[in-house]
Structures are given as structure tokens and as C-alpha cells.
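A structural walkthrough
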Amino acid sequence: MADIQWPWQYSFPPFFTIQPNVETRRKQLDAWRTLVLDYCRTQKVSVIDVREGDLLPVFNNTAISRKLSPEAIMTVLGVLQKTGNAEPLDKTRTRWNIYWHTLDEWASIVYKWAQDNAMLNTVCTFYEIASDSGDLNGIDDAVLTKALKVLERRQQAEILTLEGGSGVKFFS
Amino acid sequence: MGMLFGKPKVSRITDHDRAVLQMKQQRDTLKRYQQRVEKLLESERELAKRLLSENKREHLLVSLSMFVLTNNYDVNHYSKAKLLLRKKKYQTEQLERTEASLDTIEKLIQDLEYTQIEAKVIEGLKVGNVALKKANELFNIEHIEQLLDETKEGIDKQREITDLLSGALSSEDEEAVEAELNELITIEHQKAMDKLPTVPSDELPVTVPETKEKDNLPTKKIALEAQ
């Protein structure tokens, strides 16, 4: 796991309280959005549970003993959802999928991978995709499935499920 | 269309694909197993190392304090480390076996995928063949002859038009010109004839018999000599 480069805001106590001023809040949430996405990308975090938010260092800066409250985390995730970078997994909106690439982007990345590795018109397993050394390394199965569904809609791929797991066939 | 109405479109996945996927899954399982064993090996090696180094420390303590009971502990550590190393050996062998089966399975996958490619190639050849046949049908001889005839006609017509446009004469015209020329020539000839002095109509002095005799003499002579 790579060391995390925290932005200056991370050591700035008011950053951990949602600001009432509209303009300030907009800037703050924007910073949070970047921070969460960077964090998730470098640490390969695909699922965030709001209730366990303070277990993640991103929401809990022990150095200045400040953490983001679950409500505030919810607000931040709401911002992410608007840009297609997050999606609640249940009705109570406690578990979230984080997409540091939007699903459309993921779909294109996966398809490009298939093209680059001459995987068109052949099947490959999810494990094969996730063990790629590039961007796709360690991609969450659920995220991958969703990205492949996007490709299915574009008629560029088809998911097939066997008892031992799933695979996908790419089409040119 | 199908995707608009959510109708299940015809699946483009064949049984072959399924088979390949199954093989690939086996391969992934093997790979994962390999990873697991490798990790285990690494951690156990670390453990054995630690045990040995701890053992040394204990040993040092023992020699310092002369505490006899730790001796027992000492042996325990040694045997544990040995056991771990034995386990490691076994796991390494296991890893090699995994490697071998991975190799087999990967070969098989490659073969499967290659047959698919081959099938595609054959399909391509077939398509090419059909296309060629079709193209050849287009080129049947009669058709070509007809085509050539038509082209020739066209060319002739074109030539005629060009001749007309550039003022050249057709063969009929040519004949007419020829006739006119002949006429002129005969007229000229007539004129020239008219200008000539008239042929005298008087009879010439008769010298013909004389020449006849002269002519006959040598032949007689020759005949005599032969007798």
C-alpha cells in the first residue's frame, strides 16, 4: 500500500466539520470529493460503510483528533454520487460503492485492456482482469461486474456465469 | 432494438467459450493456490528464522543464568524450526507440482483458443471462396463477349461522330469525290485528245511483205543447216 499524500486540508480541523456557509461548503465538499477518491484509488477501497467510517484514516485524522461524523460522511458520499463516483448499496445508504473511475470510464478501461491484450472474441475470467498490472489491478468484483454490464449494454461484451465463477467474453 | 426493450438477445457465447472459461477458472484456482502456498512458505520461513534467532537468545540467557529448565524449551524450539523446514520442503514440492499442472492447463487453454482462431480462419477462407465464386459468375464468357461487342459498337459510333465533327469524309463521300475526280480527269483527257493533231487517214506505203520475207529467211537457213 502506497503512502498517502494528504492535502493540507487534512490537517486543518475545520475541514472535518461541514461548513454552514454555502460557498465555503462547496469548496470544502469539492476538496473532500478529491480526497476520498484519491484515498480510495491508492488504497483500493471500493466499499465504504458509513457506520465504520472512522476506521478509515481518511475520515479520521488521529494526529489532530478530528473525524468526520457519519452524517458528514453521508453528505460527502452524496456529492460523490452526483458525479457518478459513488453508489449506495442498500436502502439505508450505509454501505457505498466508490468508483474512482465512473462506471463508464471503468467500462472503457476494461474494454481497452481487452483490446490491448488481444482478448477480443475470447473469454476471460474476472480474476484474469483483476490481476492486470495496470489500472485494473485489484478491481473490486462488484465494480467490475457493473462495468461489464455497461459494456453489455454497448454490445461489446457478454458476461457468462458458470458454477465456478463468472467470466466475460469481449466482442470487437 | 433488443437493448431498448430489454429483450434477451441471442447469446453470442458458444459452448466452446464455456469450455475455455472453465479451463481458465481451473487455471486461476491453481494460480491462487500457488500464491497461497508461496505466502505460507514465506511466513513459515520467517517463523523458522525467528525461532532460531530466539533460540540463540534463549541459549545466551541459559548460559548466563545457568537455568536448566530452559534447556527443554531450547530443544522444543529447534524441533519446531526443523519441523517448519520439513513442511517447507513439502510445500515447495507441492508448488512444483502445481507449476506442472498449471503448465498443462495453460497449454490446453492455448490449444483451445487456437482452434477457435483456426475456425475463424477457415470461416474467412470460406467466405473468401464464396465471394470469389460469385465474382467469377459475374465474369462468364458470353457476358464478356457481349460486353466487348457492345464496347466495339460504341467505339465505332464514337469514331463516326468524331469524323463528322472534325470534317472528315465518310466512305460514301469518298466515293463521290472519287467519281468527280474521275470525271474531271476524263474531261481533261478528252480536251487533251482534242488538241492532238488528227491521225492521218491515208494508207501507209505497203512495206509489210518485204519485212515478212526478211523475217522468214533466217529461219529457213537454220532449218537447212539442221538437215
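Predicted, not measured: the structure shown is a model, and the values here were computed from it.

Quick word on the overall build of chain B
Broken down by element type, chain B carries 6 helices and 0 strands. Each helix and strand of chain B, ordered N terminal to C terminal, gives the series α-α-α-α-α-α. Here chain B holds 227 residues, and 4% of them are scored as buried. Sequence-distant contacts, at least 24 apart, represent 73% of the contacts inside chain B between residues at least 6 apart.

Some details on the overall build of chain A
Along the backbone of chain A there are 5 helices and 8 strands. For chain A, the sequential pattern of α-helices and β-strands runs α-β-β-β-α-β-β-α-β-α-α-β-β. Restricting the contact set of chain A to residue pairs at least 6 apart, pairs at least 24 apart contribute 51%.

Side note on the environment of valine 45 of chain A
Residue and element names in this part refer to chain A. Looking at where valine 45 falls in the secondary structure, it is placed in the loop between helix H1 (22-43) and strand E1 (47-49). Residues valine 45 and glycine 138 lie 93 residues apart in sequence; the distance between their C-alpha atoms is 9.8 Å. Setting aside chain neighbours within four positions, we find valine 45 in contact with Tyr39, Cys40 and Ile98.

Focus: the interface of chain A and chain B
Counting residues at the interface gives 15 residues for chain A and 14 residues for chain B. Among the secondary structure elements, those contributing two or more residues to the side of chain A that touches chain B are strand E6 (123-125), helix H4 (126-130), strand E7 (157-162) and strand E8 (165-170) of chain A. In the side of chain A that touches chain B, the residues fall into 6 nonpolar, 5 polar and 4 charged.

Examining the pairing of strand E5 (residues 95-98) of chain A
Residue and element names in this part refer to chain A. Residue alternation in E5 divides its side chains into a buried set, Trp96 and Ile98, and an unburied set, Arg95 and Asn97. Sheet topology places E1 next to E5; 3 bridges connect them, and they run antiparallel. By the bridge assignment, isoleucine 48 is partnered in E5 with tryptophan 96. Inspection of the sheet shows strand E4 (residues 86-88) paired to E5 by 3 bridges, in the antiparallel sense. Across the sheet, the residue bridging to proline 88 is tryptophan 96, located in E5. Hairpin connection of E4 to E5: 6 residues between the antiparallel strands, including arginine 93 at a positive phi of 55 degrees.

A short note on the nonpolar core
Within the largest apolar cluster, 40 residues are counted, with the highest numbers of intra-cluster contacts made by Val36, Ile98, Val110, Ala147, Leu148 and Leu151 of chain A. Listing elements by their share of this core, those giving two or more residues are H1, helix H2 (70-82), E5, helix H3 (103-116), helix H5 (141-153) and E8 of chain A together with helix H2 (15-65) of chain B. If we ignore the near neighbours within four places in the chain, the residues touching leucine 151 of chain A are Ala107, Val110, Tyr111, Gln156 and Ala157 of chain A.

Things to note about the environment of phenylalanine 15 of chain A
Residue and element names in this part refer to chain A. Tracing the backbone shows phenylalanine 15 in the segment before H1. Between the alpha carbons of phenylalanine 15 and arginine 25 there is a distance of 9.6 Å; along the sequence they are 10 residues apart. Apart from residues lying up to four places away in sequence, phenylalanine 15 is in contact with Gln9, Tyr10 and Gln28.

As for the UniProt feature "coiled-coil region" (unreviewed entry) in chain B
Following the UniProt record, the feature "coiled-coil region" (unreviewed entry) maps to residues 16-54 of chain B here. As annotated, residues 16-54 of chain B has a helix share of 100% and a strand share of 0%, and its two end C-alpha atoms lie 57 Å apart.

Re the confidence of the model for chain B
Looking at chain B as a whole, the pLDDT averages 78, with 76% of positions reaching at least 70. Predicted as a complex, the structure gets a pTM of 0.60 and an ipTM equal to 0.71.

Focus on helix H4 (residues 141-165) of chain B
Residues and elements named next belong to chain B. Under the 1.5 Å per step criterion, the end-to-end length of H4 is 36 Å for 25 residues, consistent within 8% with the ideal 36 Å. The buried fraction of H4 amounts to 0 of the 25 residues, a small share that puts the element mostly on the outside. Phi turns positive, to about 80 degrees, at glycine 167, one or two residues after H4.

A few points about the environment of histidine 16 of chain B
Relative to the helices and strands, histidine 16 of chain B resides in helix H2. Between the alpha carbons of histidine 16 of chain B and threonine 115 of chain B there is a distance of 9.8 Å; along the sequence they are 99 residues apart.

Definitions and limits used
Residues numbered from 1 in each chain as written. Chains lettered and ligands numbered in written order. Predicted model: local features only at pLDDT ≥ 70, side-chain atom pairs only at ≥ 80, totals over all residues. Helix = DSSP H or I, 4+ residues; strand = E, 2+ residues; numbered from the N terminus. Buried ≥ 20, exposed ≤ 12 C-beta atoms within 10 Å, placed from the backbone. Contact = placed C-beta atoms within 7 Å. Nonpolar A, V, L, I, M, F, W, Y, C, P; charged D, E, K, R; others polar. Pairing = 2+ DSSP bridges. Core = buried A, V, L, I, M, F, W, Y, C linked by C-beta atoms within 7 Å. UniProt positions renumbered as here; feature names shortened; annotations may be inferred. pLDDT = per-residue confidence, 0-100. Expected span 1.5 Å × (residues − 1).

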